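The chain contents come next:
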Amino acid sequence: MNVENQFFVCFSIFLCISVCLGEDYDLDDKTGLGRSFDGIGGLSGGGATSRLLVNYAEPYRSQILDYLFKPKFGASLQILKVEIGGDAQTTDGTEPSHMHNEDDENYFRGYEWWLMREAKKRNPNITIIGLPWAFPGWVGNGENWPYDFPDITASYVVSWIRGAKQYHDLDIDYVGIWNERHFNSKYIKLLRYTLDKSGLERVKIIASDNLWEPITSVMIADRELQDAVEVLGVHYPGTNTVPNALKTGKKLWSSEDYSTFNDNVGGGCWARILNQNYVNGKMTATISWNLLASYYEDLPFGRDGLMTATAPWSGNYVVESPIWITAHTTQFSEPGWTYLQTVGHFTHGGSYVALTGERGNLTIITETMTHDHSVCIRPPLLPYNVTVQNVTFHLKGTFASISELQVWHSKFDFKTNKTVLFQNLKPIKVIEGSFSIELDVDEVYTFTTVTNGQRGSYPDPPPTSPFPKKYKDDFDVTGNPYFSEAPNFADQTGVFEYFTNLTDPGPHVFTLRQVVTQRPVTWVADADQTISVIGDYKWHDLMVSCDVYMEAVHTGGVFIAVRVDKGGGVIRSTKGIFFWVYADGTYKVTNDLSGMTVLAEGLSGTRARVWYTLTLTVKGNYASADLNGYALWKNAVLWEPRHGWAAIGTSSFELAQFDNFAIEAIA
């Protein structure tokens, strides 16, 4: 055998021994502990991501909530973060403000109040966070910026926190501060002062809910700012932190993360970052955007939630893999537990963390997700390798006397599609303080002294079905409606709320009203018109009718629309077929929301403060419309778009009412 072959054989034997015998990892609390674990959570909002959830009938709505929040059942979430609605588009829709104007206060709008109560009902110890993405226009005093008058902004945010307690008995634990343009230390200090002055010393501040810098560098040099902020929160950190963040001594959180399609690759992404946010970045909480994908799937970032609930009309929902990946941590550790210092990366890829409640209990979570099976939407993931490996854990210190660990296992199978999620295996024996396990690629294990984990389940929900082809809503909700929005309407600019019209003795006492009258302080580029979409994005031939009522004399304008092709942050560029009538006695048919492409126009005789019935019919390449049952125009020729949602809306931020909405889809 020549020297080269001898070297190859020796190297192969060495490699085999190295891999087959495995690597050793100590888990020891004798040298001290790491940081305190603060929890794993989900984010409802930013924006309107839970919109369809409230429309689910029982028992399906409660089942979804149990999978999210019920301890020892599903995800067992420990944190719920919600949007403080600001009347503006914040990704997939608008959420209503509790103060549309400075003289208005209503702490029952929207669904976040309800969601927080439901989470607390299931887990009284859940941490609640509020964060504004946008603000009603009056806060900015006509400018698209909320911090020119920081005292007004601080009072506005504090009023939401006080309202949560006064009207819903909800204690808000943290409030976030986020602005992508630049970080504002003056406002943070003023908010801290306003909270304290209002008796809300217990409410802590997360800042800047965006990037590590510049806040960490400024905080090191600014003692007052350091005292004001409890948590340094970052969005999509890629599991990494910066040295200055560690120097502050503050809690470090990934206060928004994930945002990834919730298939099994999305589950792999979530598994990797839940471990490595601490291993690499010392982040002690991770919050998923979003909590629940419960918005029309063809809006931006469809299915980027821990589970999916997009068809309330059918009752169907899907418990996706991120739910069970979350359970690997949340069912076997609690906020207040502590990470061990002995955490890290495996030699042959993957990572492990260990936590303890300091009573001799121990939970170890391992993940061996490969690169291509754990890519998140952002930031880019650098290449790395993971291979099959044998590992031996040595339990030392307080844990040396442990004789047995419960085992929970998930295995993503991307070849034969036989993925196993959160399976309870036979306990593993710990012999003389050690145990060994072979780790395959794309696996998650939990080894724990906690014995009451559970893979909760309900009977399968009904099969999914498309949005009904025939649909009507007369908005006749008497008394105080449970939710302020009509079922299945998804506001994209503006806010459409139930309204009781006591001045109308006729048939239009209960209506849906667009209520935002001033352009909000926006986070994304809201349209100049208001719009709410509904229905099946695949619809192409259909009829829509609605009674409309313009309140703005001379300047008012309303529309109904079909084949609306965009929503969310790109709402300004939406195309479709829009049938407008105006208070100046004219009408217009346009191919876009902005009204730049006119298909037809003329006189309608319409005016403000009169009810009209609009009907729009589209079939193939032709569209026609009726006003009060009489043909106003026929056979306008159109080519694009070929399909989309139905919609209602107004020509500007103005008051207008809608009633007796109906859809009949042909195809």
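Residues numbered from 1 in each chain as written. Predicted model: local features only at pLDDT ≥ 70, side-chain atom pairs only at ≥ 80, totals over all residues. Heavy atoms only, no water.

## Considering the state of the cysteines
Part 1: Throughout the structure, instances matching the rule amount to one disulfide.
Part 2: Linked covalently through their sulfurs, cysteine 269 and cysteine 376 form a disulfide whose S-S length is 2.0 Å. Handedness of the cysteine 269-cysteine 376 disulfide follows from its S-S torsion of about 105 degrees: it is right-handed. Remark: cysteine 376 occurs in the loop between strand E16 (363-367) and strand E17 (389-395) and cysteine 269 occurs in helix H9 (residues 264-279); sequence separation between them is 107 residues. (Disulfide = S-S within 2.5 Å. Helix = DSSP H or I, 4+ residues; strand = E, 2+ residues; numbered from the N terminus.)

## Here's the deal with the packing of aromatic side chains
Part 1: Enumeration according to the criterion identifies 48 aromatic pairs in this entry.
Part 2: Between tyrosine 147 and tyrosine 187 the ring centres are 4.7 Å apart and the planes differ by 35 degrees, which places this aromatic pair in the tilted class. Taken together, the residues span a long stretch of sequence, with tyrosine 147 in the loop between strand E5 (127-131) and helix H4 (150-168) and tyrosine 187 in helix H5 (residues 185-197) at a distance of 40 residues. The same class applies to tyrosine 147 as to tyrosine 187, namely buried.
Part 3: Between the NZ or CZ atom of lysine 282 and the centre of the ring of tyrosine 278, over which it lies, the distance is 5.2 Å. (Phe/Tyr/Trp six-rings, centres within 6.5 Å; stacked < 30°, edge-to-face > 60°. Buried < 20%, exposed > 50% of the residue type's maximum accessible area, 1.4 Å probe, protein only. Lys NZ or Arg CZ within 6 Å of the ring centre and 35° of its normal.)

## A few points about the sheet that holds strand E1 (residues 23-27)
By way of backbone hydrogen bonds, the strands of a sheet pair with one another, either parallel or antiparallel.
Part 1: Spatial ordering of the open sheet is given by E1-E17-E20, a layout of three strands whose pairing is mixed. In this open sheet, the two strands that pair with only one neighbour each are E1 and strand E20 (434-439). Averaged over all pairs of adjacent strands, the angle between strand axes in this sheet comes to 25 degrees, irrespective of strand direction.
Part 2: In this sheet, E20 lies alongside E17 in antiparallel orientation, the contact comprising six bridges. Counterpart to valine 391 in the pairing with E20 is isoleucine 437. (Pairing = 2+ DSSP bridges. Axes fitted to C-alpha atoms, helices over the stretch in contact; angles between N-to-C directions.)

## Focus: the packing of H4 against H5
The angle between the axes and the distance between the axes are what describe a pair of packed helices.
Part 1: It is the contact of H4 with H5, at a shortest axis distance of 9 Å, that shows an interaxial angle of 45 degrees. It follows that H4 is oblique to H5 by the angle criterion. The element H4 and its partner H5 pack so that their crossing is right-handed. Between H4 and H5, the residues in contact are Pro150, Asp151, Thr153, Ala154, Val157, Val158 and Ile161 and Lys186, Tyr187, Leu190, Leu191, Thr194 and Leu195, respectively.
Part 2: Grouping the constituent residues of the contact of H4 with H5 by class yields nine nonpolar, two polar and two charged. (Parallel < 35°, antiparallel > 145°, perpendicular 65-115°, else oblique. Left-handed = near helix turned anticlockwise from the far one by under 90°. Contact = heavy atoms within 4.5 Å. Nonpolar A, V, L, I, M, F, W, Y, C, P; charged D, E, K, R; others polar.)

## Looking at the pattern of salt bridges
Part 1: Summed over the entire model, instances satisfying the criterion amount to 24 salt bridges.
Part 2: Notably, a salt bridge pairs aspartate 209 with lysine 81, separated by 3.0 Å at the nearest N-O pair. With aspartate 209 in strand E7 (residues 204-210) and lysine 81 in strand E4 (residues 79-83), this residue pair connects regions lying 128 residues apart in the sequence. As far as burial versus exposure is concerned, aspartate 209 and lysine 81 are alike and both buried.
Part 3: The salt bridge involving arginine 563 is made with aspartate 541; its shortest N-O contact spans 3.2 Å. With a gap of 22 residues between them, arginine 563 in strand E28 (residues 557-564) and aspartate 541 in the loop between strand E26 (530-534) and strand E27 (542-550) connect regions that are remote in the sequence.
Part 4: Aspartate 541 gets classed as buried once you look at its relative accessible area, which sits at 11%.
Part 5: Each of Asp66, Glu118, Lys121 and Arg122 takes part in a single network of salt bridges with overlapping partners. (Salt bridge = Lys/Arg side-chain N within 4 Å of Asp/Glu carboxyl O.)

## Let's talk about unusual backbone geometry
Part 1: Cis geometry marks the peptide bond from glutamate 213 to proline 214; its omega dihedral reads 10 degrees.
Part 2: Examined against the element boundaries, proline 214 turns out to sit in the loop between E7 and helix H6 (215-221).
Part 3: Omega for the bond connecting tryptophan 289 with asparagine 290 falls within 30 degrees of zero, at 5 degrees, which places this linkage in the cis form.
Part 4: Here tyrosine 236, not a glycine, exhibits a phi torsion of approximately 50 degrees, which is positive.
Part 5: The class of tyrosine 236 is buried, set by a relative accessible area of 12%.
Part 6: Residue asparagine 660 is not a glycine yet carries a positive backbone phi of 50 degrees.
Part 7: Locating asparagine 660 in the fold gives a position in strand E36 (residues 656-665).

## Looking at the sheet that holds strand E29 (residues 575-582)
Part 1: Spatially, E23-E26-E35-E28-E29-E30-E31 is the arrangement adopted by the seven strands of the open sheet, whose pairing is antiparallel. Looking along the sheet, the strands with just one partner apiece sit at the ends: strand E23 (490-493) and strand E31 (598-603). For this sheet the average axis-to-axis angle between neighbouring strands, irrespective of direction, equals 20 degrees.
Part 2: The pairing of strand E30 (residues 586-592) with E31 spans five bridges and is classified as antiparallel. Paired with threonine 586 across the two strands is leucine 603, which belongs to E31.

## So, the side chain of aspartate 565
Part 1: Secondary-structure assignment places aspartate 565 in the loop between E28 and E29.
Part 2: Among the polar contacts made by the side chain of aspartate 565, one reaches the side chain of lysine 566 at a distance of 3.5 Å.
Part 3: Apart from the residues lying within four places of it in its own chain, the contact partners of aspartate 565 are Tyr537, Thr574, Lys575, Pro641, His643 and Trp645. (Polar contact = N/O pair within 3.5 Å; in protein donor to acceptor, adjacent residues only side chain to side chain.)

## Topic: the packing of helix H3 (residues 112-122) against H4
Part 1: The contact between H3 and H4 brings their axes to 12 Å, and the two run at 60 degrees. One way to sum up the angle between H3 and H4 is to call them oblique. Two packed elements cross with a definite hand, and for H3 against H4 that hand is right-handed. The residues of H4 that touch H3, namely those facing Trp113, Met116 and Arg117, are Trp160, Gly163, Ala164 and His168.
Part 2: When its residues are assigned to classes, the contact of H3 with H4 shows four nonpolar, two polar and one charged.

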